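Here is what each chain is made of, one letter per residue.
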Amino acid sequence: MIALRTAHRPLALRQHLTVSRHMTVISSKSAAEYKKQNYTERMEKKGMPVSPHVMIYAFPVVALSSITVRITGVALWGGMAGVAAMSVFGGDPALLAASIGDSSLALPAKFCVSFPLAYHFIGGVRHAYWDATPEAVTNEAVEKASYAVAGGSVILTGVACML
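Here the structure is a predicted model, which is why all the values come from computation and not from measurement.

### Focus: the side chain of Ser-153
- Locating Ser-153 in the fold gives a position in helix α8 (residues 139-162).
- Under the relative-accessibility criterion, Ser-153 is labelled buried at 0%.
- Those residues in contact with Ser-153 that lie beyond four places of it in its chain are Phe-115, Ala-118, Tyr-119 and Ile-122.

### Focus: a nonpolar patch on the surface
- Together, Phe-59, Leu-64, Ile-67 and Ile-71 make up a nonpolar patch on the protein surface, roughly 360 Å² of accessible area in all.
- Position of Ile-71 relative to the elements: it lies in helix α5 (residues 61-88).

### What about the confidence of the model for the protein?
- Model confidence for the protein is summarised by a mean pLDDT of 84, while 78% of its residues fall at 70 or above.
- Mean pLDDT per element in the protein: helix α1 (residues 2-5) is the minimum at 49, and helix α7 (residues 106-132) is the maximum at 97.

### A word on the packing of aromatic side chains
- One pass over the full model with this rule turns up two aromatic pairs.
- Ring centres of Phe-111 and Phe-115 lie 5.7 Å apart, and the angle between their planes is 15 degrees; this geometry places the pair in the stacked category. Pair noted here: Phe-111 and Phe-115 are both in helix α7, with a separation of four residues, about one helical turn.
- A ring pair is formed by Phe-115 and Tyr-119, whose centres lie 5.6 Å apart and whose planes are at 45 degrees; its orientation type is tilted. Of this pair, Phe-115 and Tyr-119 both sit in helix α7, four residues apart, which is roughly one turn of the helix.
- A relative accessible area of 21% means that Phe-115 is categorised as partly exposed.
- Chaining the aromatic ring pairs together yields one cluster made of Phe-111, Phe-115 and Tyr-119.

About the thresholds
Residues numbered from 1 in each chain as written. Predicted model: local features only at pLDDT ≥ 70, side-chain atom pairs only at ≥ 80, totals over all residues. Heavy atoms only, no water. Helix = DSSP H or I, 4+ residues; strand = E, 2+ residues; numbered from the N terminus. Buried < 20%, exposed > 50% of the residue type's maximum accessible area, 1.4 Å probe, protein only. Contact = heavy atoms within 4.5 Å. Patch = residues over 30% accessible without salt bridge, like charges linked within 9 Å, V, L, I, M, F, W, Y side chains within 5 Å. Areas by Shrake-Rupley, 256 points an atom, 1.4 Å probe, with all protein chains shown as cover. Salt bridge = Lys/Arg side-chain N within 4 Å of Asp/Glu carboxyl O. pLDDT = per-residue confidence, 0-100. Phe/Tyr/Trp six-rings, centres within 6.5 Å; stacked < 30°, edge-to-face > 60°.

Below, the structure is given as structure tokens:
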């Protein structure tokens, strides 16, 4: 790319401009020392702070809601893939569901199915609304909607688990 910008310059100057180096190494010893240092040590020598790990940050409720929508989508996909695989390999998903429904695992199983379904569905409705009315997307409205998705999911899950 440099060669294209310098096409009008003499050949010797163009060759000089197209040669680039990413790092100047004074000696092979200093390069070896540089490779031995980890990132934190290099930043301390420069007097630059090291970014803290992600886990110390308090995620906003909107980010947590978005992450949860994605996780529930993956969970629903995994469940459907499991049912499909069971059917393909000769299992009977309906019989398994009926046997779980008659056992003491019925309530936890209903929760494991209904919560991801409710959360992902309500999150999808929220996004469809935002797509239809982009002027309604404000920081305050998005945060309220995130709480509404969580609350609605808990209510729907509770109702589904009691059926």
